[in-house]
Amino acid sequence: MSHKICMPVPSDNVIPQERLKRLIEDCDALRRKALMSSEAIALLERHRADLKALLEYYDRLTSQEAGKNNEEVQTLILALEEARTELQLANEALQYMDKEKTRLMAELEKQKQAFEQQSREDGLTKLYNRRYIDTLLAQEFERSKRFNHPFCIAIIDIDHFKKINDTFSHQVGDEVIRTVAQIFKNNLRSMDLVGRYGGEEFVVGLLETSLMRAIPVAEKLRRAVEEFNWVVVQPNLRVTISIGLAENIKMPNHEKVIAEADRKLYEAKRAGRNLVRY
């Protein structure tokens, strides 16, 4: 940070030679250093206000001393003219570096945001990934427990997914997963949590929702997948899902809610799939 130095022009036209010589020495040092180096920029910043005041003084001085034959004055004036050139070059370099810094900071921020997004997002579906949704579910469980609010978790599995891959290809399987994810997003509230838990398995957190209210939501998701026009993805393709539901009541933590929902999911599978169990 530079310190501004007030330099009124002396009425007796006496040149502040010590300060002027210091300025010239600093500019000589700046010439000897690499112009883009941090030392040169620091030097420039430190004396920016002083340089401005001295150069303004120089402008007045040259007009006052134009007719005088003072060798020392003329030598200092010439040196200061060189300092002016060096200052202009250094300023241009500083402006360039400021622009580069701004650009690099913007690029770093962009990369930071992309990294943060990647750290919480599933690459295939763009839903939350398992690690991040686990964090959100834990936070929501604690919030619902603190305020005694209802909270349900659904574990969802695409039925016979291995058969889809084996029959139609893994590319079709990936498209099925992406489409199911989009169906969930289209049929859930913005406040609800949805993530890919791994493979063909998904997890949904229904905030402020009791089990009785969660059941029709789960049925809506199940029907939306079953009734989707899967021919647009692959001819003769049929996709259904099974859902297990559990509520936070009397559960010590969110892991227990997930475990209960997972147990209900396997009940749905054993009962024939394409079902909701709770």
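1. Considerations on the overall build of the chain
And step 1. Each helix and strand counted, the chain has nine helices and five strands in total.
And step 2. The order of α-helices and β-strands along the chain, N terminus first, is α-α-α-α-α-β-α-α-β-β-α-β-α-β.
And step 3. Residues classed as buried in the chain amount to 40% of the 278 residues present.
And step 4. Residue pairs at least 24 apart in sequence account for 70% of intrachain contacts in the chain once pairs closer than 6 positions are excluded.
And step 5. With an accessible surface of roughly 16400 Å², the chain has 51% of that area assigned to carbon and sulfur atoms.

2. A look at helix α9 (residues 254-270)
And step 1. Here α9 spans 25 Å end to end across 17 residues, near enough to the 24 Å set by a 1.5 Å rise per residue.
And step 2. Among the residues making up α9, those that are buried are H254, V257, I258, A261, K264, L265, A268 and K269. Projected down its long axis, α9 shows its buried positions confined to an angular sector of 150°, all on one face.
And step 3. The inward-facing, buried residues of α9 abut α5 (130-147), β1 (151-158), β2 (193-198), β3 (201-207), β4 (241-247) and β5 (276-277).
And step 4. N-capping of α9 is provided by N253, with a side-chain oxygen placed 3.2 Å from the backbone N of E255.
And step 5. Looking one or two places after α9, you find G272, whose phi comes out positive at around 125°.

3. Remarks on the pairing of β4
And step 1. Counting buried residues along β4, seven of its seven residues qualify, which places the element largely inside the surrounding structure.
And step 2. Every second residue of β4 is oriented toward a common face, with I241, I243, L245 and E247 on one face and S242, G244 and A246 on the other, all of them buried.
And step 3. Relative to β4, β1 is paired through seven bridges, and the arrangement is antiparallel. Residue pairing in the sheet places A154 in a bridge with L245 of β4.
And step 4. Looking at chain direction, β4 and β5 are connected through two bridges and run parallel. Bridged to I243 within β5 is V276.
And step 5. Between β4 and its parallel partner β5, the chain crosses via α9, and the hand of that crossover is left-handed.

4. Side note on the packing of helix α6 (residues 161-168) against helix α7 (residues 170-187)
Relative placement of two packed helices is described by the angle separating their axes and the distance separating the axes.
And step 1. Look at α6 against α7: their axes get within 7 Å of each other, and the N-to-C directions meet at 135°. The orientation of α6 relative to α7 falls into the category oblique. Residues F161, I164, N165 and F168 of α6 touch α7, and the partners they reach there are H170, V172, G173, V176 and I177.
And step 2. Within the contact of α6 with α7, the residues separate by chemical class into six nonpolar, three polar and no charged.

5. Notes on the confidence of the model for the chain
And step 1. On average, residues of the chain score 82 in pLDDT, and 70% of them reach the 70 mark or higher.
And step 2. Here residues 1-15 is a poorly scored stretch, pLDDT under 50, and it has 24 contacts once near neighbours within four places are set aside; other chains count.

6. A look at the packing of aromatic side chains
And step 1. In total, this model carries three aromatic pairs according to the counting rule given.
And step 2. Here the basic side chain of R130 rests over the ring of Y197, its NZ or CZ set 4.0 Å away from the ring centre.

7. Quick look at the packing of α7 against helix α8 (residues 211-226)
And step 1. Relative to each other, α7 and α8 sit at 135°, their axes nearing to 10 Å. With respect to their mutual orientation, α7 and α8 come out oblique. Note that α7 runs across α8; the crossing there is right-handed. Each of V180, I183, F184 and N187 in α7 lies in contact with α8, whose residues at this interface are K220, L221, A224 and V225.
And step 2. Within the contact of α7 with α8, the residues separate by chemical class into six nonpolar, one polar and one charged.

Rules and cut-offs
- Residues numbered from 1 in each chain as written.
- Predicted model: local features only at pLDDT ≥ 70, side-chain atom pairs only at ≥ 80, totals over all residues.
- Heavy atoms only, no water.
- Helix = DSSP H or I, 4+ residues; strand = E, 2+ residues; numbered from the N terminus.
- Buried < 20%, exposed > 50% of the residue type's maximum accessible area, 1.4 Å probe, protein only.
- Contact = heavy atoms within 4.5 Å.
- Areas by Shrake-Rupley, 256 points an atom, 1.4 Å probe, with all protein chains shown as cover.
- Expected span 1.5 Å × (residues − 1).
- Arc of directions from axis to C-beta.
- Polar contact = N/O pair within 3.5 Å; in protein donor to acceptor, adjacent residues only side chain to side chain.
- Pairing = 2+ DSSP bridges.
- Right-handed = clockwise from strand over helix to strand, strands pointing away.
- Axes fitted to C-alpha atoms, helices over the stretch in contact; angles between N-to-C directions.
- Parallel < 35°, antiparallel > 145°, perpendicular 65-115°, else oblique.
- Nonpolar A, V, L, I, M, F, W, Y, C, P; charged D, E, K, R; others polar.
- pLDDT = per-residue confidence, 0-100.
- Phe/Tyr/Trp six-rings, centres within 6.5 Å; stacked < 30°, edge-to-face > 60°.
- Lys NZ or Arg CZ within 6 Å of the ring centre and 35° of its normal.
- Left-handed = near helix turned anticlockwise from the far one by under 90°.

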